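# What the coordinates show
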Amino acid sequence: MRFLLDAEQRAFADALRAMLTAADTPAVIRDWSRGDHTRGRALWSRLAEAGVFALAVPEEYGGLGPRPVELAVAFVELGRYAVPGPLVETAGAAVLLGEPAPARRFLPGLAAGADLATVAAPGGYALDGDAASLRLSPAPDGLYLCTAPPGPVRRSLDPARRLTALPPGGELLTPAVPYDRALTWIRLATAAQALGVGLALLDRTVAHVRQRTQFGVPVGSFQAVKHRLADSRTALEFARPLVLGAAVSLRPEDVAAAKLTACEAAYRTARTALHLHGAIGYTAEYDLSLWLTKARALRSAWGTPEECRDRVLAAGL
Amino acid sequence: MDLTHSPADEEFRTEARAWLRAHVPRTPLPSLETEEGFAAHRAWEAELAADRWSVVSWPERYGGRDAGLLRWLVFEEEYWAAGAPGRVGQNGVSLLAPTLFAYGTQEQRARVLPPMATGEVVWAQAWSEPEAGSDLAALTSRAVRTDGGWRLRGQKTWSSRAAFADRAFGLFRSDPAAPEPHQGLTYLMFGLRDPGVTVRPIGRLDGKPAFAELFLDDVFVPDEDVIGEPGQGWRIAMSTTGDERGLTLRSPGRFLASAARLRDLWRAQGSPEHSRARVADALIAARAYQLFAYAAASRILDGARLGPESSMNKIFWSELDLALHETALDLLGAEGELADGAWSEGYVFSLAGPVYAGTNEIQRDIVAERLLGLPKGRR
Ligand SMILES: Cc1cc2nc3c(=O)[nH]c(=O)nc-3n(C[C@H](O)[C@H](O)[C@H](O)COP(=O)(O)OP(=O)(O)OC[C@H]3O[C@@H](n4cnc5c(N)ncnc54)[C@H](O)[C@@H]3O)c2cc1C
């Protein structure tokens, strides 16, 4: 029993953080939101070099995985910098394409960052269908590779998330769809990403209330302000062990619990962040908005709170 | 990253489980907040101690098993899952004992700890005063130097179970001329039946005489009952409040067991839709608390100390405890109103969680200032 990241895992997080700090992600996100993927693709390549997309890919197909703990570590950082793109979908696709034939054909490209994959949840939209080179539809009779062009881009509450419907059918890749296993990875990555989003929102808000003065003092010295931020910190710090614990166990109920808690903590933090920034928090111009809108979108992506609770109760946790 | 216990720790779990199965009273003991219940719980402590289960993490020479933090967590999981009684000695065990391990003398440890481990001497915490609650440093009770010791004068209040306990530990102002309120305080131990001590029980919300106020009129304390250096009381006391708010006062095992019982209750009621979210959230929060504790324990085993993060812990467990019990009473409907119900006593106790061990407002201040680095403001 040693429930703590090791030095290598911490170094991995630090390295990603250094790279992403230098990447000026707000500018990348704004380009991506307009459908200009150039800088996003360049960042994607660097993430691939760092091994981010190889973590769910087994070694025999060019990956480093399966390494769910490292995946969680990486996705916290991707969330912290609000990196755009079908990140969790690409990680999930690696699991979805795990049958030998599609694995041989697609996984090396995914691990190397050459391919961006998106996955449409049954009945849902695919994220960034216009940017993804692999568009996957899991259906009851098998896993389909979408060969027709995706539908028109629909605007998400999070401008960086470009949603498209996938036309039904396409090429049948395999009749066996490990959808539940893929969903577990997708939810884990989403939970970690949400935790990162929440941590970034908290950091930015703490910095803001320390320097914004009203009534002659920093607003961060008012107790009502402090206590909301203390609650955010507490909620996020108790989501963190659930995310890491779920990565260790990979039990679907643990992942559902982590997804629910991390997304809830991030969303609550987003509400607090918006409020404590005052009117500036309500503007699209200010970079905070890039995280605010993502917190809302992640809350229902890949499992609403109620779906996650059902999973927990069905298993008895 | 590893969540599996070593085979030796699992063996320890098995041994604890077997012992508890054989010994946990089949009918619940009467409330430990009553005289009769207090005596029954004291006897239970003796039974635990006879087989070295009362303070498993302590060194063997004081009655423990040298089991370490991880096994303590394992033991607590088994203890509460077995439905074992509440711990009457908890204030001594979770507050005074860590203080003595850190600041006490060899002589004090040898004298105080073994009878604490057996329940023969039950300790009360005498910190709060009528005019010193959240602002504990405002305390005015005095310790005046005398031959071979100190004389205590003043009043303490809200001292849990002091009505039936044997001894108390608390802070006293030994240097009223000190420039700052938290300077010139001395931390010491005294007997609740010593000459000059008057104990007045106070009925709590449910009328049980759980806590008490203490009137101290020239109570003599010998030098050997001073903890650490005179005048250093604040620093010593604060170093152990982390323990109270942190792991040791409210172990994860307790909430895991309560959450599992809540889930069973919900199912027994036909899994009503209206409570689904609250039951799921309680299960998840109990699991989060367990994993947070495992992470904290791993850090402590690496040599770190729990700092202000214990304040997050305190906010979290107190709110979880309330939510668990409120949900249970709501599920029970009319039955939930009955004062002698299985959940009722726990509910009344959980109501106090956000107040004692430093109110949650005080904890939020600590989190905001010491973890987030926000400026100190007007309190
Ligand atoms: C069941 C129970 C058991 C207890 N057991 C013990 C014991 O064994 N030994 C012992 O010494 N004490 C014990 N206490 C006392 C407990 O530690 C105090 O009640 C607590 O510290 C709060 O002090 P107070 O009651 O004087 O409230 P006050 O300090 O008067 O606070 C009243 C309200 O004002 C708020 N408040 C005060 N200051 C601030 C601030 N700066 N910012 C925001 N809000 C503030 C508080 O949060 C609270 O809501 C116990 C209390 C209870 C309820």
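Residues numbered from 1 in each chain as written. Chains lettered and ligands numbered in written order. Predicted model: local features only at pLDDT ≥ 70, side-chain atom pairs only at ≥ 80, totals over all residues. Heavy atoms only, no water.

For residues other than glycine, phi is negative in most cases, and the peptide bonds are mostly trans. A cis amide bond, omega 0 degrees, links G65 of chain A with the succeeding residue P66 of chain A. Mapped onto the elements, P66 of chain A comes out in the loop between helix 3 (38–49) and helix 4 (68–80). Its identity is not glycine, yet F215 of chain A carries a phi of approximately 55 degrees, on the positive side. On the secondary structure map, F215 of chain A appears in the loop between strand 8 (213–214) and strand 9 (217–218). The exposure class of F215 of chain A is exposed, given its relative accessible area of 80%. Unlike most non-glycine residues, D66 of chain B shows phi in positive territory, near 55 degrees. Locating D66 of chain B in the fold gives a position in the loop between helix 2 (35–50) and helix 3 (68–81). Judged by relative accessible area, D66 of chain B falls into the exposed class, the value being 51%. (Helix = DSSP H or I, 4+ residues; strand = E, 2+ residues; numbered from the N terminus. Buried < 20%, exposed > 50% of the residue type's maximum accessible area, 1.4 Å probe, protein only.)

Residue-level contacts link 43 residues of chain B with 40 residues of chain A. Of all residues in chain B, M1, I284 and L372 of chain B bury the most surface against chain A, accounting for 20% of the area lost on that side. Taken together, the links from chain B to chain A amount to six salt bridges. At the junction of chain B with chain A, the criterion picks out 16 residue pairs in polar contact (both at pLDDT 80 or more). Those elements giving two or more residues to the side of chain B that touches chain A turn out to be helix 7 (252–268), helix 8 (276–301), helix 9 (309–332) and helix 11 (360–371) of chain B. (Contact = heavy atoms within 4.5 Å. Buried area = accessible area lost by both parts, 1.4 Å probe. Salt bridge = Lys/Arg side-chain N within 4 Å of Asp/Glu carboxyl O. Polar contact = N/O pair within 3.5 Å; in protein donor to acceptor, adjacent residues only side chain to side chain.)

So, about the site of the ligand. Neighbouring the ligand are 18 residues; Q223 of chain A together with S128, S134, W158 and S160 of chain B lie closest to it. Nearby residues around the ligand are contributed by chains A and B. Contact between the ligand and Q223 of chain A: a nitrogen atom at 2.7 Å from a side-chain N or O atom of the residue. A total of 970 Å² of accessible area belongs to the ligand in isolation, and the protein chains cover 69% of it. Those elements that provide at least two residues to the shell around the ligand are strand 3 (149–160) and helix 11 of chain B. Take the shell around the ligand: its biggest share by element is three residues, from strand 3 of chain B. (Near = heavy atom within 4 Å. Areas by Shrake-Rupley, 256 points an atom, 1.4 Å probe, with all protein chains shown as cover.)

So, about the packing of helix 7 of chain B against helix 8 of chain B. All names here are of chain B. It is the contact of helix 7 with helix 8, at a shortest axis distance of 9 Å, that shows an interaxial angle of 160 degrees. In terms of axis orientation, helix 7 runs roughly antiparallel to helix 8. As for the relative orientation of helix 7 and helix 8, their crossing is left-handed in sense. Packed against helix 7, whose contacting residues are P252, F255, L256, A259, A260, L262, R263 and W266, the element helix 8 presents R276, V279, A282, L283, A286, R287, Y289, Q290 and A293 at the interface. For the contact of helix 7 with helix 8, the class distribution of residues is 13 nonpolar, one polar and three charged. (Axes fitted to C-alpha atoms, helices over the stretch in contact; angles between N-to-C directions. Parallel < 35°, antiparallel > 145°, perpendicular 65-115°, else oblique. Left-handed = near helix turned anticlockwise from the far one by under 90°. Nonpolar A, V, L, I, M, F, W, Y, C, P; charged D, E, K, R; others polar.)

Here the focus is the UniProt feature "domain: Acyl-CoA dehydrogenase/oxidase C-terminal" (unreviewed entry) in chain A. Sequence positions flagged by UniProt for "domain: Acyl-CoA dehydrogenase/oxidase C-terminal" (unreviewed entry) are, in local numbering, residues 182–313 of chain A. What you have in residues 182–313 of chain A is 79% helix and 3% strand, and the ends, taken at the C-alpha atoms, are 21 Å apart. (UniProt positions renumbered as here; feature names shortened; annotations may be inferred.)

Time to look at the nonpolar core. Among the nonpolar cores identified, the biggest contains 169 residues, and L47 and L97 of chain A are the most heavily contacted of them. The element best represented in this core is helix 7 (residues 179–211) of chain A, accounting for 18 residues. Each residue touching L97 of chain A, except ones within four places of it in the same chain, is listed here: P102, A103, F106, L107, L110, L134, L136, L143 and L173 of chain A. With 25 residues, the next largest nonpolar core counts V112, M116, L136 and F169 of chain B among its residues. (Core = buried A, V, L, I, M, F, W, Y, C linked by side-chain atoms within 4.5 Å.)

Moving on to the UniProt feature "domain: Acyl-CoA dehydrogenase/oxidase N-terminal" (unreviewed entry) in chain B. The feature "domain: Acyl-CoA dehydrogenase/oxidase N-terminal" (unreviewed entry), as annotated in UniProt, sits at residues 7–120 of chain B in this numbering. End-to-end, the C-alpha atoms of residues 7–120 of chain B are 34 Å apart, and along that stretch the chain is 65% helix and 0% strand.

Turning our attention to a nonpolar patch on the surface. A surface patch of nonpolar side chains, amounting to about 320 Å² of accessible area, comprises F215, V217 and F222 of chain A. With respect to the helices, strands and loops of the structure, V217 of chain A is situated in strand 9. (Patch = residues over 30% accessible without salt bridge, like charges linked within 9 Å, V, L, I, M, F, W, Y side chains within 5 Å.)

Our focus in this paragraph is the domain arrangement of chain A. Residues and elements named next belong to chain A. In terms of domains, chain A is made up of domain 1 (7–177) and domain 2 (181–314). When each unit is reduced to the centre of its C-alpha atoms, the spacing between domain 1 and domain 2 is 22 Å. Counting from both sides, the interface comprises 32 residues of domain 1 and, opposite them, 33 residues of domain 2. Between domain 1 and domain 2, a total of about 2600 Å² is buried, with carbon and sulfur atoms accounting for 73% of that surface. (Domains from an automatic or database assignment.)

Our focus in this paragraph is the pairing of strand 1 (residues 123–126) of chain B. Residue and element names in this part refer to chain B. Here strand 1 shows no split at all, with W123 and Q125 on one side and A124 and A126 on the other all buried. In the sheet, strand 1 pairs with strand 4 (residues 167–173) via four bridges, with the strands oriented parallel. Residue Q125 lies in a different strand from strand 4, and its bridge partner there is F169. (Pairing = 2+ DSSP bridges.)

This part takes up the sheet that holds strand 2 (residues 126–127) of chain A. All names here are of chain A. Strand order in the open sheet made by the three strands is 2-6-5, with antiparallel pairing throughout. Edge positions in the sheet fall to strand 2 and strand 5 (154–155), since each of these pairs with one other strand and no more. With two bridges joining them, strand 5 and strand 6 (residues 162–164) adopt antiparallel strand pairing. For R154, the partnering residue across the bridge sits in strand 6 and is L163.

With that settled, the discussion passes to the environment of A91 of chain A. Checked against the element boundaries, A91 of chain A lands in helix 5 (residues 87–96). Setting aside residues up to four positions removed in sequence, A91 of chain A forms contacts with A56, L71 and F75 of chain A.

In this section: the pattern of salt bridges. All names here are of chain B. A complete count under the given rule lists 49 salt bridges over all chains for this structure. Where D9 meets R71, a salt bridge forms, and the shortest distance between an N and an O atom there is 2.6 Å. Here R71 lies in helix 3 and D9 lies in helix 1 (residues 7–23), a separation of 62 residues in the sequence. Take R71: its relative accessible area is 24%, and that puts it in the partly exposed class. Members of the salt-bridge network, linked through shared partners, are E33, R161, R204, D206, K208 and E345.

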